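Structural overview
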Amino acid sequence: MAAFLRKMCILEMFDDEDEDIHRLLAKRSINTLSVINMTTRRSFMPKVTDYMAVVGQMAVPQHIDDFKMHYRISRDVFHIILESVQDLLIRGGRGPHDTVTPEKQLLVCVSYLATNQSMRETAHFFNLSKSTVHQIIKEVCNILVNLRDRIIRWPSPRQQTEIATEVEAVCSLPGVTGFIDGTHIRLSAAIGGERDYYNRKGYPSIQLQAVVDNNMKIINAYTGWPGCVHDARVLRNSSVYIKAEAGELFSQNYHIFGDNAYPLRNWLVTPFKNFGNLTRQQIKFNKRLSGVRQTVERAFGHLKGRFRRLRDVPLHDHKEVCNLIIACCVLHNLCIINEDDVEGYIEYEEEDPNNFPNVYQNGHAGVLRRLQLVNIP
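A brief look at the structure comes next. None of the values given here were measured: they were computed from a predicted structure.

Some remarks on the nonpolar core
Counting residues in hydrophobic clusters, the biggest one holds 82 residues, and the most contacted among them are Phe257 and Leu324. For this core, the element with the most residues is helix α14 (residues 318-337), which contributes 12 residues. With sequence-adjacent residues up to four places away left out, Phe257 is seen in contact with Leu173, Val176, Gly178, Phe179, Ile180, Leu268, Val269, Leu289, Val292, Arg293 and Leu373. By size, the runner-up hydrophobic cluster in this structure holds 15 residues, among which are Ile180, Tyr241, Ala244 and Ile256.

What follows is the structure, encoded as structure tokens:
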């Protein structure tokens with residue numbers, strides 16, 4: 001640094017006739033200063049040190065809505081989740097970040113899932129390192145995935161009857177116990193650079209297949225297939241298809257509704273393809289089916305509208321991505337069950353990127369089932 005100051009003093013001794021030398025020395029001096037700045041570490045890095053105190057202030061009645069605005073779930077639902085997972089989130093160790101409280105860990109994860117902020121930004125707010133934030137998100141998502149059998153459950157025979165009764169009151173079609181569809185979870189980059197992750201719209205994605213009831217609650221979630229795969233192929237490899245074909249899921253004369261991407265089965269009913277030759281009764285049936293099947297589209301709208309991380313997942317590990325998706329499905333159901341302002345977070349998305357017609361043969365029993373429904377006045 002002393003040598004640099006001496007050079008600056010020498011510059012003052014030159015007159016206008018030495019302009020070229022002046023510019024040369026000035027350029028060298030600037031380069032020297034740049035090196036000094038790059039090699040000299042700052043003694044102080046500004047950090048957010050009291051953010052948890054700010055979160056505490058959000059419990060005050062006049063600030064209670066601030067919590068929901070930032071985390072996109074109510075404080076009541078947050079504490080319901082915390083009670084379920086806090087014993088599993090107790091961390092021990094010697095490092096400064098190994099004793100992060102369960103509440104703070106859950107806040108970190110929910111904050112990341114609810115927004116599009118990066119892990120670096122999340123780390124800044126919570127005064128943690130980026131690596132610690134990554135580990136916390138990974139662990140909390142794993143714990144939420146372990147809750148899936150309690151939160152994402154196929155309805156019992158009695159519950160199927162209740163669902164079918166409520167759906168029939170809306171569309172006059174009996175035996176409907178749910179609605180199935182698939183959606184694409186956008187990835188920031190294809191995992192491993194594999195081209196299979198690119199869907200027909202040209203961006204990388206992982207597919208999520210879900211079956212929902214009439215209240216938009218997810219009763220089955222299946223994810224992991226890359227974006228280029230046909231919806232019907234995803235279905236045929238899922239537990240829903242395998243168990244339904246074995247007669248393990250549905251009570252007699254009960255079924256779910258799907259779109260034309262799926263094959264007709266005795267437990268899966270789809271609309272008629274309209275080539276301009278449908279009868280009035282068939283058109284009426286299609287309108288009834290489509291009207292109630294929007295329930296699953298609204299469920300996806302809520303899932304991605306509330307947990308905005310699903311609009312662009314930057315993770316690079318396949319298992320981590322799948323766990324993050326299922327964790328959001330668990331949180332979605334908890335919001336539905338606790339009636340946490342569901343309508344306020346529904347954001348409809350663009351048309352299905354693949355939108356391919358069914359490529360598998362329709363089952364004879366499925367054709368007969370649909371004919372029975374068509375003839376209902």
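From this point, the narrative continues.
Concerning the layout of surface pockets
Of the pockets and cavities examined, the second largest pocket occupies roughly 370 Å³. Looking at the second largest pocket, it is lined by 17 residues, and the ones nearest its centre are Gln159, Ile163, Asp213, Asn215 and Lys217. Of all the elements in the fold, those that place two or more residues in the lining of the second largest pocket are α9 (148-151), α10 (157-171) and α14. When residues of the lining of the second largest pocket are assigned to their parent elements, the largest contribution, four residues, is made by α10.

Looking at the sheet that holds strand β4 (residues 255-257)
Strand pairing in a sheet takes place through backbone hydrogen bonds and is either antiparallel or parallel in direction. Pairing in this open sheet of five strands is mixed, and the strands run β3-β2-β1-β4-β5 from one edge to the other. What marks the edges here is a single partner per strand, and that holds for β3 (218-226) and β5 (268-269). For strand β1 (residues 176-186) and strand β2 (residues 205-212), the ladder comprises eight bridges, and the chain directions are antiparallel. If you follow Asp181 over to β2, its bridge partner there is Ala210. Seen against the sheet, helix α13 (residues 280-306) touches β1, β2, β4 and β5 and runs at an angle of roughly 45° to β1.

Description of empty space enclosed by the protein
Evaluated as defined, the whole model comprises one cavity of 30 Å³ or more. Put simply, the largest cavity is a space of about 30 Å³. Around the largest cavity sit Gly182, Gln207, Leu208, Gln209, Asp231, Val234 and Tyr262, which together line it. Listed by contribution, the elements that provide at least two residues to the lining of the largest cavity are β2 and α11 (231-236). Ranked by residues supplied to the lining of the largest cavity, first place goes to β2 with three residues. Its residues assigned to classes, the lining of the largest cavity shows three nonpolar, three polar and one charged.

Cut-offs and rules
Residues numbered from 1 in each chain as written. Predicted model: local features only at pLDDT ≥ 70, side-chain atom pairs only at ≥ 80, totals over all residues. Heavy atoms only, no water. Core = buried A, V, L, I, M, F, W, Y, C linked by side-chain atoms within 4.5 Å. Buried < 20%, exposed > 50% of the residue type's maximum accessible area, 1.4 Å probe, protein only. Helix = DSSP H or I, 4+ residues; strand = E, 2+ residues; numbered from the N terminus. Contact = heavy atoms within 4.5 Å. 1 Å grid on protein atoms, 1.4 Å probe; cavity = no way out; pocket = protein on both sides within 12 Å on 5 of 7 lines; lining within 4 Å. Points joined across faces, edges and corners; volume = space filled by probe spheres on them. Pairing = 2+ DSSP bridges. Axes fitted to C-alpha atoms, helices over the stretch in contact; angles between N-to-C directions. Nonpolar A, V, L, I, M, F, W, Y, C, P; charged D, E, K, R; others polar.

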